[in-house]
Amino acid sequence: MDEAGIVLIAVTGTLALFVILPGMILHYVTMWRRQKTLQPDDERMLEDLWRSAKAMERRIESLEALLDKTEADAPRRPPRPSRSTFDE
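The text that follows walks through the structure, step by step, so that each part is easy to find. Everything numeric here is computed off the predicted structure, so don't read it as measured data. (Residues numbered from 1 in each chain as written. Predicted model: local features only at pLDDT ≥ 70, side-chain atom pairs only at ≥ 80, totals over all residues. Heavy atoms only, no water.)

## A word on a nonpolar patch on the surface
Together, Leu15, Leu17, Phe18, Val19, Ile20, Leu21, Met24, Ile25, Tyr28, Met31 and Trp32 line one region of the surface with nonpolar side chains, adding up to about 1,100 Å² of accessible area. Along the chain, the position of Trp32 falls in helix 1 (residues 3-36). Under the relative-accessibility criterion, Trp32 is labelled exposed at 54%. (Patch = residues over 30% accessible without salt bridge, like charges linked within 9 Å, V, L, I, M, F, W, Y side chains within 5 Å. Areas by Shrake-Rupley, 256 points an atom, 1.4 Å probe, with all protein chains shown as cover. Salt bridge = Lys/Arg side-chain N within 4 Å of Asp/Glu carboxyl O. Helix = DSSP H or I, 4+ residues; strand = E, 2+ residues; numbered from the N terminus. Buried < 20%, exposed > 50% of the residue type's maximum accessible area, 1.4 Å probe, protein only.)

And the structure:
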């Protein structure tokens, strides 16, 4: 190899080692950090889920209150006799 080829290889290696490689590393680090945060669509979806969960909770509480009131007004039934499915 002649002297020009060796210089070209040295310059290319130095450029790749000190410029391109750190640039690639920093690029992917920023990409990973960006993916850790919620996107606007994700935030909207979470807000919708939160509202739905709150609405379901209110409905369940209303149903429980109605059932408690109905059970308090209804006469008590005698407990059912326990029947074994096995021959004793």
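On we go from here.
## Describing a negative patch on the surface
A contiguous patch of negative charge, built from Glu61, Glu64, Asp68 and Glu71, is present on the exposed surface. Tracing the backbone through its elements, the reader meets Glu71 in helix 2 (residues 40-73). (Lys, Arg positive; Asp, Glu negative; His and termini not counted. Charge placed at Lys NZ, Arg CZ, Asp CG, Glu CD.)

## What to know about the pattern of salt bridges
Summed over the entire model, instances satisfying the criterion amount to four salt bridges. The partner of Glu57 in a salt bridge is Lys54, and the shortest N-O contact between them spans 3.8 Å. With Glu57 and Lys54 both in helix 2 and three residues apart, the pair spans about one turn of that helix. Owing to a relative accessible area of 40%, Glu57 belongs among the partly exposed residues under this scheme. In this structure Lys54 comes out as partly exposed when scored by relative accessible area, which is 34%. What you see here is one network of salt bridges that share partners, running through Glu47, Asp48 and Arg51.

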